[in-house]
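As a plain string of letters, each chain reads:
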Amino acid sequence: MLDIELIRKKPNFVKERLATRDKSLPELVDEVLELDKKRRSILVELENLRAERNKKSKEIGFLRREGKDTSDLERQVKEFKERIEALEEEFRRVQENLRKVMLRIPNLPHESVPVGEDEEDNVEVRRWGELKEFNFEPKPHWEIGESLGILDFERGARLAGSRFTVVKGWGARLERALINFMLDLHISKGYKEILPPHLVRPEILEGTGQLPKFEEDLYRCERDDLYLIPTAEVPLTNLFRGEILKEEDLPIYLTAYTPCYRREAGSHGKDIRGIIRQHQFNKVELVKIVHPETSYEELEKLTLDAEEVLRLLGLPYRVVELCTGDLGFSAAKTYDIEVWFPSQGRYREISSCSNCEDFQARRMNTRFKDSSGKNRFVHTLNGSGLAVGRTLAAILENYQREDGKVEVPEVLRDYVKADLIE
RNA sequence: GGAGAGGUGGCCGAGUGGCCGAAGGCGGCCGCUUGCUAAGCGGCAGAGGGUUAACAGCCCUCCGAGGGUUCGAAUCCCUCCCUCUCCGCCA
């Protein structure tokens, strides 16, 4: 949620920044301004009435104690009541409308973010690793996985439909090894491991920005009004919702392995083959809750922490900075890490690291008391460290041999307890 | 799932219809005092919002959430959420 005061004081600035995401957004700002103005004018009137009512009620108390008659005053207060109730009703209505609009406005892009429309305009920041030369035609991971008997798409579909896959044998083992390897690495960097609920209440998803706008993308358990988490970012970031933290508690570094559940409503034709885009996939997530002054430094560090996983695995990647038009709803700035897929001859997203500044904190009401005793919103960051399924796919492709077997990356050998998958 | 108890400020905890935004304690901040990482004394301090040049003053709202009763609700009533105890069930 944006700061309503900023919208009030610098409406044109806010509109300009939002327009770099989407040209239709400035209209929402006008809507906010109008509703806010209305809200405040009602509020002033309402508060005056309430002040007067309170005064008279108090007077009744005094007079009663002296045994005096108060029926005249009581009648007066009763009249106030009707006017107050009518105004309260109107106030609630306007307030609720205002909130609804506010919740649908995305975060302002940071000034450093390149302006652009879509992923075409993203800017490459750096590359790492040598692309391996294959003296044969590298196969896509789904072919490798099927012939090794570790990825079973047919039975996955039988159990749960398309975009569900069964991972078997050495594949399952490799995936589990990846999860442990990633967690161990992040823990060694000071992240605290969390095992959160996978089902959460609607307001939790509102806190991180998935609701109300992206209801379609979520699995919902209707009977209990709970949602399956689309990413561990949701429970991790919300961990301190409603709390006032101590300044010295910051920064907080969290990591968690969870499956992620996504309906992928808007991506029908995309990546139908393989395990790039699944309804359920494993991910190790990184979340930071930090002091506002340090959040951009922390974003750089967080991105490097995610990158390190790929470096240690020896997988070539590049980092791109998302342009304004490609930025996610809650993010002020995002780096995507993309790993090399030989069969596709291109880099594919494997991690997304974002600074949300105080956008989520405002929705969750997570604050800290600064040295002057003031309560301020924290800044929140999140990043994949990494998407495990995609990492598995990348390993299959980058470490494949002509004979169809797949080497196990050096750092994983102790975890997998094998050098070669065959 | 059944029975019971309870949700009050950073924490603990008192408060059953008006002088309660809330005693007291702990913790915090400021000052004084004491020559020894402490103690004593005094003072300050809840959150959100409106008005405003103002972090001054004034006002409004908030005692789990939402309704209701009343001139007036932390206090009475209803619904929901959550926590705890016991029983049941269960990995």
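Scroll up for the structure.
Now for a description of the structure that goes with this document. (Residues numbered from 1 in each chain as written. Chains lettered and ligands numbered in written order. Predicted model: local features only at pLDDT ≥ 70, side-chain atom pairs only at ≥ 80, totals over all residues. Heavy atoms only, no water.)

1. Things to note about the packing of helix H7 (residues 169–188) against helix H10 (residues 295–313)
- Packing of H7 against H10 brings their axes to within 10 Å, and their N-to-C directions diverge by 130°. Between H7 and H10, the crossing angle belongs to the class labelled oblique. The two elements H7 and H10 meet at a crossing, and its hand is right-handed. The segment H7 lies against H10, with Leu178, Phe181, Met182, Leu185 and His186 engaging Asp305, Glu308, Val309, Leu312 and Leu313.
- Taken together, the residues that form the contact of H7 with H10 break down as seven nonpolar, one polar and two charged. (Axes fitted to C-alpha atoms, helices over the stretch in contact; angles between N-to-C directions. Helix = DSSP H or I, 4+ residues; strand = E, 2+ residues; numbered from the N terminus. Parallel < 35°, antiparallel > 145°, perpendicular 65-115°, else oblique. Left-handed = near helix turned anticlockwise from the far one by under 90°. Contact = heavy atoms within 4.5 Å. Nonpolar A, V, L, I, M, F, W, Y, C, P; charged D, E, K, R; others polar.)

2. Comments concerning the environment of leucine 185
- Relative to the elements of secondary structure, leucine 185 occurs in helix H7.
- Given the relative accessible area of 12%, leucine 185 is considered buried.
- Once the C-alpha coordinates of leucine 185 and proline 409 are considered, the two residues, 224 residues apart in sequence, prove to be 15 Å apart.
- Those residues in contact with leucine 185 that lie beyond four places of it in its chain are Glu308, Val309 and Leu312. (Buried < 20%, exposed > 50% of the residue type's maximum accessible area, 1.4 Å probe, protein only.)

3. A short note on the pairing of strand E11 (residues 317–321)
- Of all five residues making up E11, four are buried, and the element is well covered by its neighbours.
- Across five bridges, strand E1 (residues 123–128) lies against E11 in antiparallel orientation. Counted as the bridge partner of tryptophan 128 is tyrosine 317 from E11.
- Inspection of the sheet shows E11 paired to strand E12 (residues 333–341) by five bridges, in the antiparallel sense. Looking at the pairing, tyrosine 317 lines up with valine 339 of E12. (Pairing = 2+ DSSP bridges.)

4. Describing the protein's contact with RNA strand B
- Ser57, Arg64, Arg65, Val77 and Arg367 are the nearest of the 23 residues found near RNA strand B.
- Separating a base nitrogen of RNA strand B from a side-chain N or O atom of glutamate 47 is a distance of 3.2 Å.
- Residue arginine 201 places a side-chain N or O atom 3.2 Å away from a phosphate oxygen belonging to RNA strand B.
- Here the surface near RNA strand B takes 13 residues from helix H3 (residues 25–65), the largest share from any one element.
- Taken together, the residues of the surface near RNA strand B break down into five nonpolar, four polar and 14 charged. (Near = heavy atom within 4 Å. Polar contact = N/O pair within 3.5 Å; in protein donor to acceptor, adjacent residues only side chain to side chain.)

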